[in-house]
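Residues per chain are reported as follows:
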Amino acid sequence: MATLPITIHPLVDGSLSLDAVRAQRIAKVAEMASRLVETGAFVDYSDSVLVLASFGYSAFEVHALLDDARQVATEHVVAMEMSEVGQ
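Residues numbered from 1 in each chain as written. Predicted model: local features only at pLDDT ≥ 70, side-chain atom pairs only at ≥ 80, totals over all residues. Heavy atoms only, no water.

Peer 1: How do you make sense of the overall build of the protein chain when you look at a structure like this?
Peer 2: When you go through the protein chain residue by residue, the secondary structure sums to three helices and zero strands. Tracing the protein chain from N to C terminus, the helices and strands come up as α-α-α. Only carbon and sulfur atoms are counted for the fraction: they give 62% of the accessible area of the protein chain, which is about 6700 Å². (Helix = DSSP H or I, 4+ residues; strand = E, 2+ residues; numbered from the N terminus. Areas by Shrake-Rupley, 256 points an atom, 1.4 Å probe, with all protein chains shown as cover.)

Peer 1: What exactly am I supposed to notice about helix H3 (residues 59–85) here?
Peer 2: Side chains three or four residues apart in an α-helix point the same way, a direct result of the helix having 3.6 residues per turn. The terminal C-alpha atoms of H3, which comprises 27 residues, lie 38 Å apart, in line with the 39 Å expected from a rise of 1.5 Å per residue. At leucine 65, H3 shows its maximal kink, close to 60 degrees. Considered for burial, the residues of H3 that qualify are Val62, Leu65, Leu66, Ala69, Arg70 and Ala73. (Expected span 1.5 Å × (residues − 1). Bend = angle between axes of the 7 residues up to and from the residue. Buried < 20%, exposed > 50% of the residue type's maximum accessible area, 1.4 Å probe, protein only.)

Peer 1: Mind showing me how you'd approach the pattern of salt bridges here?
Peer 2: If the charged atoms of two oppositely charged side chains come close together, the side chains can form a pair. Taken as a whole and assessed by the stated rule, the structure comprises three salt bridges. A salt bridge links arginine 25 to aspartate 68; its shortest N-O distance comes to 2.3 Å. With arginine 25 in helix H1 (residues 15–39) and aspartate 68 in helix H3, this pair connects stretches of sequence that are 43 residues apart. Using a relative accessible area of 31% as the deciding quantity, one classes aspartate 68 as partly exposed. (Salt bridge = Lys/Arg side-chain N within 4 Å of Asp/Glu carboxyl O.)

Peer 1: Teacher, can you tell me more about the side chain of serine 48 here?
Peer 2: Relative to the helices and strands, serine 48 is located in helix H2 (residues 45–54). When residues no more than four places from it in sequence are discounted, the contact partners of serine 48 are Leu36, Ala41, Phe42, Leu66 and Arg70. (Contact = heavy atoms within 4.5 Å.)

Peer 1: Please explain the nonpolar core as it appears in this structure.
Peer 2: Nonpolar side chains in soluble globular proteins tend to be buried together. Counting 15 residues, the largest nonpolar core has Met32, Leu36, Leu52, Tyr57, Val62, Ala69 and Ala73 as the members making the most contacts within it. Those elements that place two or more of their residues in this core are H1, H2 and H3. Tallying contributions element by element places H3 first for this core, with five residues. Setting aside residues no more than four positions away along its own chain, alanine 69 makes contact with Val29, Met32, Ala33 and Leu36. (Core = buried A, V, L, I, M, F, W, Y, C linked by side-chain atoms within 4.5 Å.)

Peer 1: What is the right way to read the environment of glutamate 75 from this model?
Peer 2: Residue placement: glutamate 75 occurs in helix H3. Using a relative accessible area of 46% as the deciding quantity, one classes glutamate 75 as partly exposed. It is 9.8 Å that separates the C-alpha atoms of glutamate 75 and alanine 33, two residues lying 42 residues apart in sequence.

Peer 1: So what exactly am I meant to see when it comes to H2 here?
Peer 2: Within H2, burial applies to Ser48, Val49, Val51 and Leu52. Near the N-terminus of H2, the side chain that reaches the backbone nitrogen of serine 46, with its oxygen 3.3 Å away, is that of aspartate 44. In the stretch just after H2, glycine 56 is the one whose phi turns positive, near 95 degrees. (Polar contact = N/O pair within 3.5 Å; in protein donor to acceptor, adjacent residues only side chain to side chain.)

Put into structure tokens, the structure is as follows:
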């Protein structure tokens, strides 16, 4: 009986797809944070949920990304205020 050589084909590890998903998530969080800053709703959790829902974000997106979006919005506002103080 002849033995056949074993060939191993590497599978995509996931890092390529994870990078794409991560980039999409970062872009979505930045977009949501921008909406929160322009409306001033980042301060209150409930207001943030209502505002993002009114802009058409799905309930899943809102609840999955809300904390990150509020954090980014807060950091942006603080950075803007600090840059104004320094001038």
